[in-house]
Amino acid sequence: MARKIRFHELGGPEVLHIEDLPVRSPGPGEVRLRVDAIGLNRAEVNFRRGTYLEQPVLPAGLGTECSGEVLEVGPGVERWKAGDAVSVVPAFSQNDYPVYAEEAVVPAAALVARPPGLDAVTAAAVWMPYVTVYGMVAEIVRVRPGDHVVITAASNSIGVAAIQVVRYLGAVPVATTPTGAQRQALLDAGAETVIVSGEGDLAAAIRDATGGAGADLVLDAEGGPQVEQLVRACADGATVIVHGGLSGQPTPLPGGGYAAVWLRRYRVFEITGDPAALRRAEHFVLAGLAAGAFTPMVDRVFDFDDVAAAHAYVDSPDRAPGKPVLRVR
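A brief structural summary. (Residues numbered from 1 in each chain as written. Predicted model: local features only at pLDDT ≥ 70, side-chain atom pairs only at ≥ 80, totals over all residues. Heavy atoms only, no water.)

## What to know about the overall build of the protein chain
Line of reasoning, step 1. Summing up its helical and strand segments, the protein chain has 9 helices and 15 strands in all.
Line of reasoning, step 2. Overall size of the protein chain, expressed as C-alpha extent along the three principal axes, is 60 × 40 × 35 Å.
Line of reasoning, step 3. Going through the 329 residues of the protein chain one by one, you find that 56% of them count as buried.
Line of reasoning, step 4. For the protein chain, the share of sequence-separated contacts (at least 6 apart) that also reach a separation of at least 24 residues comes to 68%.
Line of reasoning, step 5. For the protein chain, the accessible area works out to roughly 13,200 Å², and carbon and sulfur atoms hold 51% of it.
Line of reasoning, step 6. Within the protein chain, the 38 negative side-chain charges are centred at a point lying 2 Å from the centre of the 28 positive side-chain charges. (Helix = DSSP H or I, 4+ residues; strand = E, 2+ residues; numbered from the N terminus. Buried < 20%, exposed > 50% of the residue type's maximum accessible area, 1.4 Å probe, protein only. Contact = heavy atoms within 4.5 Å. Areas by Shrake-Rupley, 256 points an atom, 1.4 Å probe, with all protein chains shown as cover. Lys, Arg positive; Asp, Glu negative; His and termini not counted. Charge placed at Lys NZ, Arg CZ, Asp CG, Glu CD.)

## Here's the deal with the packing of helix α2 (residues 120–140) against helix α8 (residues 275–290)
For any two helices packed against each other, the geometry comes down to the angle between their axes and how far apart the axes lie.
Line of reasoning, step 1. Contact geometry for α2 and α8: axes closest at 9 Å, N-to-C directions at 110°. Taken as axis vectors, α2 and α8 run roughly perpendicular relative to one another. Here V126, W127, Y130, V131, Y134 and E139 of α2 lie close against α8, whose contacting residues are A277, R280, A281, E282, F284, V285, L286 and L289.
Line of reasoning, step 2. For the contact of α2 with α8, a count of residues per class yields 11 nonpolar, no polar and 3 charged. (Axes fitted to C-alpha atoms, helices over the stretch in contact; angles between N-to-C directions. Parallel < 35°, antiparallel > 145°, perpendicular 65-115°, else oblique. Nonpolar A, V, L, I, M, F, W, Y, C, P; charged D, E, K, R; others polar.)

## Observations regarding the packing of aromatic side chains
Line of reasoning, step 1. This structure, assessed with the given rule, holds 9 aromatic pairs.
Line of reasoning, step 2. Ring pairs connect the aromatic residues Y130, Y134, Y168, F284 and F294, which therefore count as one cluster.
Line of reasoning, step 3. Directly above the ring of Y313 sits R300, whose terminal nitrogen or CZ lies 4.7 Å from the centroid. (Phe/Tyr/Trp six-rings, centres within 6.5 Å; stacked < 30°, edge-to-face > 60°. Lys NZ or Arg CZ within 6 Å of the ring centre and 35° of its normal.)

## Considering the environment of R329
Line of reasoning, step 1. Tracing the backbone shows R329 in the segment after β15 (323–327).
Line of reasoning, step 2. Spatially, the C-alpha atoms of R329 and R34 are 9.7 Å apart, while their sequence positions differ by 295 residues.
Line of reasoning, step 3. Within polar-contact distance, the side chain of R329 engages the side chain of D36 at 3.2 Å.
Line of reasoning, step 4. Among the polar contacts made by the side chain of R329, one reaches the main-chain carbonyl oxygen of E102 at a distance of 3.1 Å. (Polar contact = N/O pair within 3.5 Å; in protein donor to acceptor, adjacent residues only side chain to side chain.)

Fair warning: the whole summary comes from geometry, so function is off the table for now.
Next up, the structure:
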């Protein structure tokens, strides 16, 4: 038996409950983990509310990102053995392999090694943001030194990782944020310029920040009507990658006269679901950590029993930069 967090109805954080449930043995290609810490994402908030890309099968668990130790491996698993310190990356449905638990069974293909020197909490915060960014700047588009890269909603964990990765590649990160409260924190994280998106003409502000040239790449976590302004802020041949939907609004195809721009949707599953791409991402992240270029930013740490408060915080506009983490042990 192990404690697991589940919900039996859609709703706010109050629908989350801790239950004692049996843990099955891993099947072919699976491992059983002791979960030490869980990385919290807005995807889980939306899953709990029923507004995510897939609907929960009730009663449902949730979560796709954690750190821990391998307890048992299933048939056919070769890379991992009991005792290995690992992290789990989002590579599966929350309906199939939820990790909000003291123990969890997950696909072995979703494991990466815990980087040397990282504790469990930091190891739960590192992989999803950097792997997400890696896919956009190395697999979909190859960022070049000197490129101006606009990063929207830059104070979340993916945004902070993107600032560091863009700097690591020699490009110029231009961050946007809804309010000025996080301006200094984003500058401290490495942003060349911070634009408050709710103040004035966003496209004009981006063009000013890029010396009139326009953005070469946009990593947009918000979607919605703002995408039209981002497209207008781009140089010829630029790419706008919409990797999130924080606005909660439809993303219309921009019209009118603007530069020839590629507009693309992206999900991290494109990388984590491809074993070769995930291995490339793993090497990229480990190299950035070893070089000191990547510094995972943990925002707040909540105890396992405080999951409702943690979910309320994840959905709060007052969040600080970085990733909230749920500590299991």
